[in-house]
Amino acid sequence: MQASTNYKVLSKQRQLYNQNLGRDPESRFMPQNYLTSHCDSSADGFQHGNSHHQTIHDQFYTLESSSEAANFTAHNSPSSHSYSPINRSPVSHQDSWSDNNYDSPISYSCITEVSNDLKHKLREMEAAMLGPDSESIDSFENAYSSYISLEQEKWQQVMGTPRGDLKQILIACARAVENNDILVVEWLIPKLRQMVSVSGEPIQRLGAYLLESLVAKLASSGSSIYKALKCKEPTSSDLLSYMHILYDVCPYFKFGYMSANGAIAEALKGENMVHIIDFQIAQGSQWVTLIQALAARPGGPPRVRITGVDDSISAYARGGGLHIVGQRLSRLAKSCNLPFEFHGTALSGCDLELEHLDIRPGEALAVNFAFQLHHMPDESVSTRNYRDRLLRMIKSLSPTVVTLVEQESNTNTAPFFPRFLETVDYYAAIFESIDVTLPRENKERINVEQHCLARDIVNILACEGDERVERHELFGKWRSRFMMAGFRPYPLSPLVNATIKTLLENYCENYRLEERDGVLYLGWKNRALVVSCAWK
């Protein structure tokens, strides 16, 4: 009677276990609340595994290059870092982006171990209750093996992923990551490793960085990978060189800066005292043409003052503080006989206050937000809503003109899977456009894509909360923010449009320029990539 009762209890346990297999893929490998109950938050905000479960935790949550990846030459894998979430410190400097075979560094061996361990414990329970010779033990073993085999066949049929379609397999893997479907991910990642390449076709190159992002997202180590890429940046001179290459081969940045300059020059026509506030001034090169144009203005040049706001990231790229920008622009202005003054403010926009801007009466004020506002946390990240706060602060200064240049992409508040689809679509166009200008085997192209694009992709997809700093919005959302802050549209003039069209004549015919209601869109084929507009 007791054995019969025990058998019923165990059968019920088996039934619940099989339901678990079908409904919650992660629970088939780890007990409920395994990660939360066996991890503690450290002072640095990361999770640290308890020593009792160190083996499994290390196997599943350590991002490190495999021996296969270590065999690739340096130019195939420019500078990927590997990090251990146990202490968030570098554990390997081997390259994890490869040329022919992308070997994503996560290890899934623990999945099998945890699964086998669970199966073993169930066998022990059956043996204790029903005796060591019970036939039900063997029947369970056979049923379990058959289930796993059928599951893999079912995935292939249900997912309907075309054989060899890299984009669709990436999308299927992203969906599995969102659903935390570990077995599906385990099945897809080895396939993806064989399909991506940093020197292949545009989708193969993009796929390498998307796969890195998926692995980091699954392992909850996106911030570690992002920080690793930042920690292992090239020298400042090399990084500056890569940025210049991207600037030269793609018109996106030129388009943004030229359209902003055109709007500012037109708005400040006839003004004798000009103050330009530039957020994320970087190298300051975008102001060269405007300084030259103002110096040649009929009737004499105005007195120009530029306030450059910037953070430490750009300081690294230019090899020093904002004084370098000031010296460079001052020399240029002196050569043009233009009265000039530069003021540097080494602050994040989140920390900026009015007193940092040195506003003076009688000056016509122009404010430039070029590829910067999307870095500001909004209401979805912080109750302070720094993004709208900064716009309201600038509006209180009654500027003559405010220019906005941003990527036309929707990755701010979108959930992970729609964000992944948007990232694939947006960056596929970017990588295709680069492919037209730089040969695929060009090492500089690999460095440009890794150091100027890949880090952003990892941040968009693998990081969350305030650690996700790449938060792009579509123009419609920017328009709402500016309108709520009290701004009105300031349509760009036909002259600006004509200047940009002339610029595009030097590039591939697949670039498109479209004007809608005084707003300019630059795109690749049918995909809008950058939007430029002005406000007052």
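Within an unreviewed UniProt entry, the label attached to the protein chain reads Chitin-inducible gibberellin-responsive protein, and the organism entered is Musa troglodytarum. Here the protein chain is described in UniProt, under the heading Sequence similarities (unreviewed entry), as follows: "Belongs to the GRAS family."

Structural notes on the overall build of the protein chain
Within the protein chain one finds 20 helices and twelve strands. Across the 536 residues that make up the protein chain, the buried fraction comes to 53%. Once local pairs closer than 6 in sequence are excluded, the contacts in the protein chain between residues at least 24 apart make up 75%. When the accessible surface of the protein chain is split by element, carbon and sulfur atoms take 50% of a total near 23600 Å².

Section: the pattern of salt bridges
Under the defined criterion, the tally for this structure stands at 21 salt bridges. Salt-bridge contacts for Arg 387 lead to Glu 473; the nearest nitrogen and oxygen are separated by 3.1 Å. Highlighted residues: Arg 387 in helix α16 (residues 386–395) and Glu 473 in the loop between α18 (443–462) and α19 (475–484), separated in sequence by 86 residues. In this structure, Arg 387 and Glu 473 share a single accessibility class: buried. In the salt-bridge network here, residues are joined through shared partners; they are Asp 378, Glu 379, Arg 387, Asp 388, Glu 473 and Arg 481.

Focus on unusual backbone geometry
One non-glycine residue, Ser 398, adopts positive backbone phi at about 50 degrees. With respect to the secondary-structure elements, Ser 398 resides in the loop between α16 and β9 (401–407). Unusually for a residue other than glycine, Asp 517 sits at a positive phi of about 55 degrees. Summarising the element assignment, Asp 517 is placed in the loop between β10 (511–516) and β11 (519–524).

A short note on the packing of aromatic side chains
Summed over the entire model, instances satisfying the criterion amount to 13 aromatic pairs. Summarising the aromatic geometry, the rings of Phe 279 and Phe 369 are spaced 4.7 Å apart at their centres and angled 25 degrees between planes, so their arrangement reads as stacked. Of the two residues, Phe 279 is situated in strand β5 (residues 273–279) and Phe 369 in strand β8 (residues 364–370); the sequence distance between them amounts to 90 residues. Accessibility classification places Phe 279 together with Phe 369 in one group, the buried group. Plain terms: the ring middles of Tyr 511 and Trp 524 are 4.9 Å apart, the flat faces sit at 75 degrees to each other, and that makes the pair edge-to-face. Here Tyr 511 is found in strand β10, whereas its partner Trp 524 is found in strand β11, with 13 residues between them in sequence. For Trp 524, a relative accessible area of 3% gives the class buried. Note that Lys 395 overlies the ring of Phe 487, its terminal NZ or CZ placed 5.3 Å from the centroid. The cationic tip of Arg 516 hangs over the ring face of Tyr 521; the distance from NZ or CZ to the ring centre is 3.9 Å.

Examining the nonpolar core
Counting residues in each nonpolar core, the largest one holds 98 residues, and the members touching the most others are Trp 287, Ile 306, Phe 420 and Tyr 427. Looking at this core element by element, the count peaks at eleven residues for helix α17 (residues 416–437). Beyond its immediate stretch of four places on either side in the chain, Phe 420 contacts Leu 170, Ile 171, Ala 174, Leu 210, Leu 214 and Leu 461. Listed in part, the 29 residues of the second largest apolar core include Leu 390, Leu 397, Val 402 and Val 531.

Quick look at the environment of Ala 176
Note that Ala 176 resides in helix α7 (residues 166–178). Residues Ala 176 and Glu 186, ten residues apart in the sequence, show an inter-C-alpha distance of 9.7 Å. With residues near it in sequence (within four places) discarded, Ala 176 still touches Asp 181, Val 184 and Val 185.

Let's talk about the sheet that holds β8
Within the open sheet, the eight strands sit side by side as β7-β6-β5-β8-β9-β12-β11-β10. Their pairing is mixed. Unpaired on one side and paired on the other, β7 (340–346) and β10 mark the two borders of the sheet. On average, adjacent strands in this sheet sit at an angle of 15 degrees to one another, irrespective of strand direction. Pairing between β5 and strand β6 (residues 303–310): seven bridges, direction parallel. Counterpart to Phe 279 in the pairing with β6 is Val 309. Sheet contacts for α19: β9, β11 and β12 (527–535); angle to β12, the most-contacted strand, approximately 15 degrees.

Concerning α18
At Leu 453, α18 shows its largest kink, close to 40 degrees. Sitting at the head of α18, Asn 442 places a side-chain oxygen 2.7 Å from the backbone nitrogen of Glu 444.

Quick notes on the pairing of β11
Counting buried positions along β11 yields six of six residues, so the element is predominantly enclosed. Because side chains alternate across β11, one face comprises the buried residues Val 519, Tyr 521 and Gly 523, and the other comprises Leu 520, Leu 522 and Trp 524, equally buried. Direction of pairing for β10 relative to β11: antiparallel, over a ladder of six bridges. Considered in β11, the bridge of Glu 514 is made with Tyr 521. Counting the residues in the hairpin turn of β10 and β11 gives two residues, including Asp 517, whose phi is positive at 55 degrees. Of the pairings in the sheet, the one linking β11 to β12 comprises five bridges and is antiparallel in character. Its bridge partner lying in β12, Leu 522 is registered against Val 530. Counted between consecutive antiparallel strands, the loop separating β11 from β12 contains two residues, among which Lys 525 sits at a positive phi close to 55 degrees.

So, how was this worked out
Residue numbers restart at each chain and count upward from 1, following the sequence in its written direction. pLDDT decides what is reported in this predicted model: residues at 70 or higher carry local features, side-chain atom pairs at 80 or more are listed and counted, and totals for whole chains, interfaces and linings draw on all residues regardless. Hydrogens and water molecules were not included; the side-chain quantities draw on all heavy atoms of the structure. UniProt positions are given in the numbering used here, feature names are shortened, and annotations may be inferred rather than shown by experiment. Helix and strand assignments follow DSSP, with helices taken as H or I runs no shorter than four residues and strands as E runs no shorter than two, numbered in order from the N terminus. For the exposure calls, accessible area comes from a 1.4 Å probe over protein chains only, and a residue counts as buried if that area is under 20% of its type's maximum, exposed if over 50%, partly exposed in between. Residues count as neighbours in contact if any of their non-hydrogen atoms are within 4.5 Å of one another. Only the protein chains shown count as cover for residues, and all accessible areas are computed by the Shrake-Rupley method using a 1.4 Å probe. The term salt bridge refers to a pairing of a side-chain nitrogen on Lys or Arg with a carboxyl oxygen on Asp or Glu at a separation within 4 Å. Pairing of aromatic rings covers Phe, Tyr and Trp, the last counted by its six-membered ring, and requires centre-to-centre distances within 6.5 Å; plane angles under 30 degrees mean stacked, over 60 mean edge-to-face, and any other angle means tilted. The criterion is that NZ of a Lys, or CZ of an Arg, lies within 6 Å of the ring centre and within 35 degrees of the ring normal, and then a charge sits over that ring. Buried Ala, Val, Leu, Ile, Met, Phe, Trp, Tyr and Cys residues that are joined via side-chain atoms within 4.5 Å together make up what is termed a nonpolar core. Any two strands with at least two DSSP bridges between them are considered paired. The axes used here are C-alpha line fits, helices contributing only the stretch in contact, and every angle between their N-to-C directions lies in the interval 0 to 180 degrees. Each residue is assigned a bend, namely the angle between axes fitted to the seven residues that terminate at it and the seven residues that start at it. Counting of polar contacts relies on pairs of N or O atoms within 3.5 Å, with two restrictions inside protein: one atom must be capable of donating a hydrogen and the other of accepting it, and residues adjacent in sequence are counted only when both atoms are side-chain atoms.

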